[in-house]
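Structural characterization, general
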Amino acid sequence: MTVTAPPAPGAEEFTEPIGVRRRLVRQRARRSLVRRRLVSRGAVVVCALALAASLAPLVGLVAYTVGRGWHVLSGAFLTHEPTPPGVPGGGIANAIVGSVVLVALGAAMAVPVGVAAALFLLERRGRIAGALRFGADVLTGVPSIAIGIVAYGLLIAPGGLLSLGHYSGLSGSVALAVLMLPIVVRASESAMAAVPSELREAGLALGVRRSRVMRSVVLRSALPGLVTGNLLAVARAVGETAPLLFTAIGSQLFALNPLQPVAAMPLVIYNDGTQPFPAAQQIAWGTALVLLALVLVLSVAARAVAAFLNRRAR
Amino acid sequence: MTTLLEEVPPPLAPVPGVAEALGRRRRRPGGRLYAALRWGGALVFGAVVVALVATLVSGSSQAFGHFGLSLLWSDHYSPAKDQYPTGVFIVGTLITTAVALVLAVVVGVATAAFLSELAPRVVAAPLSVAVDLIAAVPSIVVGLWGLLVLTPAFSHHVEPFLKTIPVLEWFFHGAALGPSMLLAGVVLAVMIVPTVVALSRSAMTAVAVADREAARALGATRWQVVRTAVIPGARTGIEASLTLAMGRAMGETIAVAMVIGNSYTVPHSLLAPGATLGSAIINNFGEAAPGLDRSSVVALVLVLVLITALVNVGGQLLLRARTRSARR
Amino acid sequence: MTIDIDHDRDIDHDRTDAAAGTDRAEAPGAPSAGGAAVALRNVSVTFGRHQVVRDVTLDLAPKQVTALVGPSGCGKTTILRTINRLHDDTGGKVSGQVVVGDLDVYARDTRPELVRSRVGMVFQRPNPFPTMSIYDNVVAGLRLNGVRTKKVLREAAEAALHHAALWDLVKDRLHAPALRLSGGQQQRLCIARALAVEPEVLLMDEPCSALDPIATAKIEELITHLASEVTIGLVTHNMFQATRVSHVTAVFLLGEDRATGELVEVGPTTEIFEHPADPRTAAYVSGQVG
């Protein structure tokens, strides 16, 4: 079959051939290339510098925390209570344990409620679910100081909901729980939604009860994601100061009673770090190092556990 | 009559026992516990949100009743009359957030461009993880570092240097005494850069390879590809990241409180100390006397929550709009 | 009557520019493609350990359509992309020689950006820049290459849209978003965008595979018209399209190792399809293979 070239549509009016500007374009391309390549290389350098600027604070922060906190760390530091000001040899054992207790209590409240709410979002569409999701979005952005003050208003101030009348670790845990709640809901919902619906439908088609399906099928497949999400929420809560400032308020004592003020590492850092005395600031650095290490361990553990569970599932 | 099967299946007959077992299961009140669990979770969640709003509104009602809405732009600080310069705090919040955003946009978007387009692939992944790690650092630790390390560094070196730059005179005059708005802005920038980088980077990598190839095939240099195809394509995602970063900066209280200096007049320069809503709340709530005093501080909390909620919801909507348009 | 801006003018140009210190690869004495617009000599492409296509020697005759046909995976697109050095970005290693006019594409001091301003490409799926208007899309290539004069841009845009048979359709809405056009129209927009830079060679990688039959027919008509002014290299897996629009056909098939593509036969389209010389070509053309 031979090739014919019919007149192109509209060719009668327009007769300019291709190539009229070719030389001009070629010239401009060649002449601008040096500048363009230079700009491109410069841009790479500038953006690399931006990366350095992004990372420099992290490096500086970790370096200083380790540098100044390291020689405060000792067996005594980690296992003793604080001593009165001026008396050497104190430690932050109460703050470490206090942090763990506060966060554990908070998680005990936030995780069940959060996962249950996530199950709700999973099973229903409609306006209530939409409102819930909107609420989660809003709650994520609420400053943690506001959560702490609300907890104070409800649980400590006279006339509040369940007012104890005095500062307590429990109110701090409630504040932490409210802080963690939207994170748990979001992470759980996305972990469970990622399970392919075919798995769920297969279970339901066999006549298995919905709750059983969720338990055996969905929860099991979503477990790695759930664990990661919740551990990350815990890692976030452990480092929070503002919710505890006016609730658990901190303590010098090894107080494990949640109905009394409880010590926590972030509070130690805040109280001691803002004092003009080097000895106090040293304690703050040491505590900051311990806190940083704990957060790091939790974040790494979150991903490691997820990876382990993923492998086991295969 | 031939068949392909190796053996002929027997005719169907009911297996004893199965029917009874299934019937027993169906007769149990199935799923009601599960439904109660779900609804319980939803209701508790809803109750928390409602309680939050209700407590703030009721706690601040006394102050709003006493001072009226003019509370919002007052610059009058009078401890005796339990009156806080809310307007000054709002201005402080806006200024520090603006400084943080300017720094974070420039550094964050450029970093995202580097990680997404310009860096060798081997290096890009671990570096992204490193940038994300900043977000995991507790704000109290950032605040401590800001207070004990950055403050002396800024007042002795950075700020005097900035004063020598002729063009920026207007921003940087006055004595560099230590805590300052600039420092607060820088600390905030450090904390929000990971948000900007992560979301911008994801928006950039989502730009189709086809668009990049189109630019490449026309003779674009690497940077030209980024400028013509990637950044315009990622614009909605970048805007969303900036809005969310702004919300985060506005809500950050502890780190700012430690470096801003707690001064209750409108600052005339970035080198002067100031106050934000967050820092004012932290510094005043503890000693506020119950009654009008405390109510005024709770009013500050309410204002802060409203502003951050508005900005955050805006950012979430932008993010959702971006994923919707990408799917189209 | 077309203005024949070919090798000679370029060489003159280059002598004066060589003095200015730019692009030395185009100096006289550099390899010439002879009569062909594009010449490939022993070109092979390897990705990592896998050699995708081997030892291709092929000419693209000037002002004609050369079709590269064959089943998928035989290296047609890979070979096409060696011509405008797109493998620089994908990590493919190219060996052998590729000459466009008088430009040795893979010479050490040849800048890929300059190659690409002389060799245009249209892709399988239409890819107009989504955030730009129709006009901005058409002149994008010119702007990227440093052409800024508004008058030149406007004239070039109008000419390119005429050549792509799109002018009447869009002349009243040049500043509308490019994505409002239909698939076939977007592809013609991409053709206009490539033509605006006035390349000597236009590479088309299965340009109709994402389009409906009517849009396909329009673009085939466009190709036959463009061929009289621009050299076209067209990859297609549709044999009938090759018979409809091309003058020369190159057949690519998997070699005996069933892993690497090779050029089996090349010749005038009618010969290839009616009297193929190689038995493998005959098998492919009659539908027994691929």
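Residues numbered from 1 in each chain as written. Chains lettered and ligands numbered in written order. Predicted model: local features only at pLDDT ≥ 70, side-chain atom pairs only at ≥ 80, totals over all residues. Heavy atoms only, no water.

Comments concerning the overall build of chain B
From N to C terminus, chain B includes 12 helices and 0 strands. Helices (α) and strands (β) of chain B occur, in sequence order from the N terminus, as α-α-α-α-α-α-α-α-α-α-α-α. Across its three principal axes, chain B shows a C-alpha extent of roughly 105 × 65 × 35 Å. The long-range fraction of contacts in chain B, counting pairs at least 24 apart against all pairs at least 6 apart in sequence, stands at 74%. Element-wise, carbon and sulfur atoms account for 68% of the exposed surface of chain B, whose accessible area totals about 15,400 Å². Taking the average location of the 23 positive side-chain charges in chain B and that of its 15 negative ones, the two points are 10 Å from each other. (Helix = DSSP H or I, 4+ residues; strand = E, 2+ residues; numbered from the N terminus. Contact = heavy atoms within 4.5 Å. Areas by Shrake-Rupley, 256 points an atom, 1.4 Å probe, with all protein chains shown as cover. Lys, Arg positive; Asp, Glu negative; His and termini not counted. Charge placed at Lys NZ, Arg CZ, Asp CG, Glu CD.)

Observations concerning the nonpolar core
Phe 45, Val 141 and Leu 182 of chain B are the most contacted members of the largest nonpolar core, which totals 156 residues. Both domain 1 (20-66) and domain 2 (72-327) of chain B contribute no fewer than three residues apiece to this core. Contacts of Phe 45 of chain B, omitting those with residues within four sequence positions, involve Val 113, Ala 117, Leu 132, Gly 135, Ala 136, Leu 139, Leu 181, Pro 182 and Val 185 of chain A. Val 138, Leu 142, Ala 156 and Ile 219 of chain C belong to the second largest nonpolar core, which has 55 residues in total. (Core = buried A, V, L, I, M, F, W, Y, C linked by side-chain atoms within 4.5 Å. Buried < 20%, exposed > 50% of the residue type's maximum accessible area, 1.4 Å probe, protein only. Domains from an automatic or database assignment.)

Thoughts on the pattern of salt bridges
All chains considered together, the criterion is met by 24 salt bridges over all chains. Where Arg 236 of chain A meets Glu 240 of chain A, a salt bridge forms, and the shortest distance between an N and an O atom there is 3.2 Å. According to the relative accessible area criterion, Glu 240 of chain A is buried, its value standing at 8%. Where Glu 200 of chain C meets Arg 118 of chain C, a salt bridge forms, and the shortest distance between an N and an O atom there is 2.8 Å. One end of the pair, Glu 200 of chain C, is in the loop between helix H8 (183-196) and strand S7 (201-205); the other, Arg 118 of chain C, is in helix H4 (residues 112-118), with 82 residues separating them in the sequence. A single burial state applies to Glu 200 of chain C and to Arg 118 of chain C, both of which are buried. Salt bridges sharing partners connect three or more residues here, namely Glu 16 and Arg 21 of chain A together with Lys 151, Glu 155 and Glu 198 of chain C. (Salt bridge = Lys/Arg side-chain N within 4 Å of Asp/Glu carboxyl O.)

Comments concerning the packing of helix H1 (residues 22-69) of chain A against helix H5 (residues 139-164) of chain B
Two numbers describe how H1 of chain A lies on H5 of chain B: the axes approach to 10 Å, and their chain directions differ by 80°. The angle between H1 of chain A and H5 of chain B falls in the class roughly perpendicular. Contact residues: Pro 57, Gly 60, Leu 61, Tyr 64, Thr 65 and Arg 68 of chain A in H1 of chain A; Val 141, Val 142, Trp 145, Leu 148 and Val 149 of chain B in H5 of chain B. For the contact of H1 of chain A with H5 of chain B, the residue count by class is 8 nonpolar, 2 polar and 1 charged. (Axes fitted to C-alpha atoms, helices over the stretch in contact; angles between N-to-C directions. Parallel < 35°, antiparallel > 145°, perpendicular 65-115°, else oblique. Nonpolar A, V, L, I, M, F, W, Y, C, P; charged D, E, K, R; others polar.)

A closer look at the sheet that holds strand S3 (residues 65-69) of chain C
Residues and elements named next belong to chain C. Spatially, S5-S4-S1-S2-S10-S9-S3-S8-S7-S6 is the arrangement adopted by the 10 strands of the open sheet, whose pairing is mixed. One side of each edge strand has no neighbouring strand; the edge strands of this open sheet are strand S5 (103-104) and strand S6 (119-122). In terms of strand pairing, strand S4 (residues 93-100) meets S5 through 2 bridges, oriented antiparallel. Looking across to S5, one finds that Val 100 is bridged to Leu 103. Against the sheet, helix H9 (residues 213-226) touches S3, S7 and strand S8 (231-235), its axis set at about 145° to S8. (Pairing = 2+ DSSP bridges.)

Things to note about helix H11 (residues 277-285) of chain B
Counting buried residues in H11 of chain B gives 8 out of 9 residues, a clear majority hidden from the surface. Of the positions making up H11 of chain B, those classed as buried are Leu 277, Gly 278, Ser 279, Ala 280, Ile 281, Ile 282, Asn 284 and Phe 285 of chain B.

What to know about the packing of aromatic side chains
Residues and elements named next belong to chain A. Evaluation of the coordinates by the stated rule reveals 7 aromatic pairs over all chains. Taken together, a centroid distance of 6.2 Å and an interplanar angle of 45° make the contact between Tyr 152 and Tyr 167 tilted. With Tyr 152 in helix H5 (residues 144-155) and Tyr 167 in the loop between H5 and helix H6 (169-193), the pair connects residues that are 15 residues apart, well separated along the chain. Tyr 152 sits in the buried class, given a relative accessible area of 8%. (Phe/Tyr/Trp six-rings, centres within 6.5 Å; stacked < 30°, edge-to-face > 60°.)

Concerning unusual backbone geometry
We note that Asn 262 of chain B has phi near 55°; this positive angle belongs to a residue other than glycine. The backbone of Asp 55 of chain C sits at a positive phi, close to 50°, despite the residue not being glycine. Here Asp 55 of chain C is to be found in strand S2 (residues 50-60).

Overview of empty space enclosed by the protein
Within this structure, the stated rule accounts for 7 cavities of 30 Å³ or more. Put simply, the second largest cavity is a space of about 80 Å³. Lining the second largest cavity we find Ala 214, Ala 217 and Leu 218 of chain B together with Arg 116, Val 119, Gly 120, Met 121, Phe 123, Cys 190, Arg 193, Ala 194 and Val 197 of chain C. Every element with two or more residues in the lining of the second largest cavity is listed here: helix H7 (209-217) of chain B together with S6 and H8 of chain C. Grouping the amino acids of the lining of the second largest cavity by side-chain chemistry returns 9 nonpolar, 1 polar and 2 charged. (1 Å grid on protein atoms, 1.4 Å probe; cavity = no way out; pocket = protein on both sides within 12 Å on 5 of 7 lines; lining within 4 Å. Points joined across faces, edges and corners; volume = space filled by probe spheres on them.)

Section: the domain arrangement of chain B
Residue and element names in this part refer to chain B. Taken domain by domain, chain B comprises domain 1 (20-66) and domain 2 (72-327). Summarising the inter-unit geometry, the C-alpha centres of domain 1 and domain 2 are found 35 Å apart. Around 790 Å² of area is buried between domain 1 and domain 2 when both sides are counted, 80% of it from carbon and sulfur atoms. Of all residues in domain 1, Leu 56, Gln 62 and Phe 64 give up the largest surface area on contact with domain 2, accounting jointly for 53% of the area buried on that side. For the interface between domain 1 and domain 2, the tally reads 0 salt bridges. Between the two partners, domain 1 and domain 2, sit 2 residue pairs in polar contact (both at pLDDT 80 or more). (Buried area = accessible area lost by both parts, 1.4 Å probe. Polar contact = N/O pair within 3.5 Å; in protein donor to acceptor, adjacent residues only side chain to side chain.)

Remarks on the pairing of S4 of chain C
Residue and element names in this part refer to chain C. Bridge analysis of strand S1 (residues 38-47) against S4 gives 7 bridges, and the strand direction is antiparallel. Each residue of the ladder has a partner; that of Leu 40, found in S4, is Val 98. Between the antiparallel neighbours S4 and S5 lie 2 residues, among them Gly 101 with a positive phi of about 65°.

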